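# A look at the structure
Spelled out, the chains give:
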Amino acid sequence: MSNSEALKQAVCDAVDRHRERVVGLGEAIMDEPELGFKEVKTADKVKAVFAEAGLPAEDGLALTGVRAVLKGGKPGPTVALMGELDALIVPDHPRCDGETGAAHACGHNAQIAGLMGAALGLADAGIVDELAGNVVFFAVPAEEYVEIDYRRGLVDAGETTFLAGKPELVQLGAFDDIDMAVMIHSGNMDHLEGSAGVSASSNGFLAKTICFRGKAAHAGVAPEQGINALNAATIALHAIHAQRETFRDEDCVRVHPIITKGGDIVNIVPAETRLETYVRARSAAAMLDAAVKVDRCLKGAAMACGCTVEINTVPGYLPLANDRQLAGLFKQNAERLFGAGTVCELPHSGGSTDAGDLSQIMPVLHPVMAGAAGTIHGRDWSIADPNAGYLAPAKALAMMAVDLLSNDAALALQVQGESRPALTKQEYLRQQKGIFATEVWHAQD
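Residues numbered from 1 in each chain as written. Predicted model: local features only at pLDDT ≥ 70, side-chain atom pairs only at ≥ 80, totals over all residues. Heavy atoms only, no water.

### Digging into the overall build of the protein chain
Filter applied, for reference: Secondary structure elements are defined from DSSP: runs of H or I of at least 4 residues count as helices, runs of E of at least 2 residues count as strands, and each element is numbered from the N terminus. All radius of gyration figures rest on C-alpha atoms, and the globule criterion is 2.2 Å times the number of residues raised to 0.38. Buried residues are those whose accessible area, probed at 1.4 Å on protein chains only, stays under 20% of the maximum for their type, while exposed residues exceed 50% and partly exposed ones sit between those limits. By the convention used here, residues are in contact when the closest approach between their heavy atoms is within 4.5 Å.
Along the protein chain, the regular secondary structure elements total 12 helices and 21 strands. Over its C-alpha trace the protein chain gives a radius of gyration of 23 Å, about what one expects of a compact globule, namely 22 Å for 445 residues. Overall, the C-alpha framework of the protein chain stretches about 85 × 45 × 40 Å when taken along its three principal axes. With 445 residues in all, the protein chain has 56% of them scored as buried. Sequence-distant contacts in the protein chain: of pairs separated by 6 or more residues, those separated by 24 or more amount to 81%.

### Concerning the pattern of salt bridges
Just so we agree on the cut-off: A side-chain nitrogen of Lys or Arg and a carboxyl oxygen of Asp or Glu constitute a salt bridge if their distance falls within 4 Å.
Under the counting rule described, the total for this entry stands at 31 salt bridges. Here Asp403 makes a salt bridge to Lys8, at a shortest N to O gap of 3.1 Å. Pair noted here: Asp403 is in helix H11 (residues 386-418) and Lys8 is in helix H1 (residues 3-17), with a separation of 395 residues, a long-range link. As far as the burial class goes, Asp403 and Lys8 line up, both buried. With a closest N to O distance of 3.8 Å, Glu418 and Arg324 form a salt bridge. Here Arg324 lies in helix H9 (residues 324-338) and Glu418 lies in helix H11, a separation of 94 residues in the sequence. Overlapping salt bridges bring together Arg213, Lys261, Asp264, Glu272, Arg274 and Glu310 as one network.

### Details of the packing of helix H4 (residues 108-124) against H11
Here is the rule we go by: To obtain an axis, a line is fitted to C-alpha atoms, over the contacting stretch when the element is a helix, and the angle between two such axes runs from 0 to 180 degrees between their N-to-C directions. Here roughly perpendicular refers to angles of 65 to 115 degrees, roughly parallel to angles under 35, roughly antiparallel to angles over 145, and oblique to all remaining angles. A crossing counts as left-handed when the near helix is turned anticlockwise from the far one by less than a right angle, and as right-handed when that turn is clockwise. Under the scheme applied, nonpolar residues are Ala, Val, Leu, Ile, Met, Phe, Trp, Tyr, Cys and Pro; charged residues are Asp, Glu, Lys and Arg; polar residues are all the others, including Gly.
Contact pair H4 / H11: the axes reach a minimum separation of 7 Å and the direction vectors enclose 50 degrees. As the angle between them shows, H4 and H11 are arranged oblique. With respect to the hand of their crossing, H4 and H11 are arranged in right-handed fashion. Where H4 abuts H11, its residues Asn109, Ala110, Ala113, Gly114, Leu115, Gly117, Ala118 and Leu122 lie against Gly389, Tyr390, Pro393, Ala394, Leu397, Ala398, Ala401 and Val402. The residue inventory of the contact of H4 with H11, partitioned by class, reads 12 nonpolar, four polar and no charged.

### Regarding the packing of aromatic side chains
Selection rule: A pair of Phe, Tyr and Trp rings is counted when the ring centres sit within 6.5 Å of each other, with Trp represented by its six-membered ring. The angle between the planes then sorts it: under 30 degrees is stacked, over 60 is edge-to-face, the rest tilted.
Across all of its chains, the model carries eight aromatic pairs by this definition. Ring centres of Phe138 and Phe175 lie 5.1 Å apart, and the angle between their planes is 25 degrees; this geometry places the pair in the stacked category. With Phe138 in strand S6 (residues 132-140) and Phe175 in the loop between helix H6 (165-172) and strand S7 (180-182), this residue pair connects regions lying 37 residues apart in the sequence. Comparing Phe138 with Phe175 shows no difference in burial state: the two are buried. For the ring pair Phe205 and Tyr278, a centre distance of 4.2 Å and an interplane angle of 25 degrees mean the geometry is stacked. Linking Phe205 in strand S11 (residues 204-213) with Tyr278 in strand S14 (residues 272-281), this pair joins segments that are 73 residues apart in sequence. A relative accessible area of 15% means that Tyr278 is categorised as buried. Cluster of aromatic residues (ring-pair linked, three or more members): Tyr145, Phe205, Tyr278 and Tyr317.

### Let's talk about the nonpolar core
This is how the line gets drawn: Among buried residues, the Ala, Val, Leu, Ile, Met, Phe, Trp, Tyr and Cys ones that are joined through side-chain atoms within 4.5 Å form a nonpolar core.
Formed by 72 residues in total, the largest nonpolar core has its most connected members in Phe50, Leu81, Leu122, Phe137, Phe330 and Leu404. In terms of residues, this core owes the most to one element, H11, which gives 15 residues. Not counting the four nearest positions on each side in its chain, Phe137 is found in contact with Phe50, Leu55, Val66, Arg67, Ala68, Leu70, Leu81, Leu115, Ala118, Ala119 and Leu122. Listed in part, the 29 residues of the second largest apolar core include Leu206, Ala301, Ala302 and Ala443.

### Things to note about the sheet that holds strand S18 (residues 364-365)
The strands making up a sheet associate through backbone hydrogen bonding, with each pair oriented either parallel or antiparallel. So the rule is basically this: Pairing between strands is defined by DSSP: at least two bridges between the two strands are required.
If you walk across this open sheet you meet the six strands as S1-S2-S6-S3-S7-S18, and the pairing is mixed. The open sheet has two edge strands, strand S1 (57-61) and S18, and neither has a second partner. Where S7 and S18 come together, two bridges link them in parallel fashion. Each bridged residue has a counterpart across the sheet, and for Ala181 the counterpart in S18 is Val364. The strands that H4 touches are strand S2 (65-71), strand S3 (74-84) and S6; relative to S3, the one it contacts most, it runs at about 150 degrees. Contacting S1, S3 and S6, H6 crosses the sheet at an angle of about 130 degrees to S6.

All quantities given are derived from atomic positions and should not be read as evidence of function.
Written as structure tokens, this is what we have:
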């Protein structure tokens, strides 16, 4: 058995010793879901585990983020293992928060449990002297892109610069000392051709909130005296739909607006309607091109109905580009856990993650491991297999850290040496800040 194999076995044994704590943590987080930038209770749970592991923690990062560092016996690169603190809004989920509608219907509770399991395992295995470099355990806030108006309020108040956790942490310099990052997402066991999978990429997106303003009037007595903002919103939806054939298949464009306000009362011509939408695509260029078409549809609808439209655009996430070498390393370790041939190659994903932002400036891996059941973002989502959903990610993360930093960090140095990030940190920040825009367009213009 090679030295790194012996170290990995020691770490896996240590994770197993903490099985009850790891599974219990995942279930406890499931029962107390919190929305992004508000994950106070979840952050406290993370800090408690770091204290148990003897790892000093920094907290309050991007409001609620928590990180701790395990220092190796020799200097070398720094590898971040990540998990996400927040839930999303699924008000009919049986384990949702009754007041906020928040629910862990995406598996972030398993991410944090796996991250904490890796921290406990690596700290307890007695192997730190064999590592050349550091392992950062990073519990990050606000990956689910919800409550856009609330988050715009945070930006307007100067409490954040961005509307999501990892972009905000990049802005704050919390990733400046990190050379590469890995996290694992939970997946439905019925939807994977095996026990784990890796896609090469996923979509990026930007977000828009839209307000059509018309003129109120009695809907029965004098509708001709009003300007119907709901009609404008409806035309806008149809106009956006009519653009779909203009999107290239290879760009994987997704535009999916919703009406968040349709009017006030039924016998008044709607004077104000509101929409939200994402504009997703496989590349930043395709995303920006689609966004121009969406804006054109919104203005055309306002012109058709004589309305004013206000379009607020904010940066979402950049496309994910999984690092090829990290993907190969993950496959080796996942197959060690589940058996040969159990890791599949997944197609490009139409979804989005702010791990994509990190992947534009450093080597990143964001694979999927089985363990969940139900529909992702649905009311029936849960971690059905604790071993696969909580413990296997902990072991995979810890084993990857060992592989990267053992043997004088030869693998980590190789990943660094062959990485060609698309953007520098400053280029990334300048590009994303440039997406913020508010445009008010009047029909009479």
